[in-house]
Amino acid sequence: METAWTFTSERTPEAKPLPLLAVRYAPADLDGFNRARTGTVTRVPVRGGA
């Protein structure tokens, strides 16, 4: 998974962290190709954070 942010900003005298949100998900029980088994229910936990 990859997230890219594009925006314009003014110059600041020092570096400041930006409050950007990242979404992470981690389904379990996938095969080597990240596929769920046919006919099953796959829970996909989703987390948001900075």
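A short tour of the structure in this document, coming up. Within every chain, residues take consecutive numbers counted from 1 along the sequence as written. With the structure being a predicted model, the display of local features is reserved for residues of pLDDT at least 70 and the display and counting of side-chain atom pairs for 80 or more, all residues being used for whole-chain, interface and lining totals. In computing side-chain values, all of the structure's heavy atoms are included and hydrogens and water are not.

### Brief notes about the overall build of the protein
The number of helices and strands found in the protein is zero helices and two strands. Here the C-alpha coordinates of the protein stretch approximately 55 × 15 × 15 Å along the principal axes. Looking at the protein as a whole, 2% of its 50 residues qualify as buried. When checking whether two residues touch, look at their non-hydrogen atoms; a contact exists if any pair is within 4.5 Å. A fraction of 32% describes how many contacts in the protein between residues 6 or more apart in sequence connect residues 24 or more apart. Note on areas: Shrake-Rupley with a 1.4 Å probe; residue coverage comes only from the protein chains shown. Approximately 5,300 Å² of the protein is accessible, and the part contributed by carbon and sulfur atoms is 53%. When the 7 basic and 5 acidic side-chain charges of the protein are each reduced to a single mean position, those positions are 6 Å apart. Strands are runs of DSSP state E lasting at least two residues, helices are runs of H or I lasting at least four, and both sets are numbered from the N terminus onward. Working definition: with a 1.4 Å probe on protein chains only, accessible area under 20% of the residue-type maximum means buried, over 50% means exposed, and in between means partly exposed. Charged residues are defined here as Lys and Arg on the positive side and Asp and Glu on the negative side; His and the ends of the chain fall outside this count. For this purpose, a charge sits on NZ of Lys, CZ of Arg, CG of Asp or CD of Glu.

### As for the pattern of salt bridges
Salt bridges, as used here, are contacts in which a Lys or Arg side-chain nitrogen is within 4 Å of a carboxyl oxygen on Asp or Glu. This model, assessed by the stated rule, comprises one salt bridge. In this structure, Asp 31 engages Arg 35 in a salt bridge whose closest nitrogen and oxygen atoms are separated by 2.9 Å. Classification of Arg 35 as partly exposed rests on a relative accessible area of 49%.

### Quick look at a nonpolar patch on the surface
Nonpolar side chains collect at one region of the surface, where Trp 5, Phe 7, Leu 18, Leu 21, Val 23, Tyr 25, Val 44 and Val 46 lie side by side and expose about 810 Å² of accessible area between them. Within the secondary structure, Trp 5 is located in the segment before β1 (22-25). Here Trp 5 falls in the partly exposed class, since its relative accessible area comes to 47%. The patch calculation keeps residues exceeding 30% relative accessible area without a salt bridge and links them within 9 Å when they carry like charges or within 5 Å when they are nonpolar (Val, Leu, Ile, Met, Phe, Trp, Tyr).

### Quick word on the environment of Pro 27
Mapped onto the fold, Pro 27 is located in the loop between β1 and β2 (46-49). Take Pro 27: its relative accessible area is 25%, and that puts it in the partly exposed class. Considered as a pair, Pro 27 and Thr 42 are 15 residues apart in the sequence and their alpha carbons are 6.9 Å apart. With sequence-adjacent residues up to four places away left out, Pro 27 is seen in contact with Thr 42, Arg 43, Val 44 and Pro 45.

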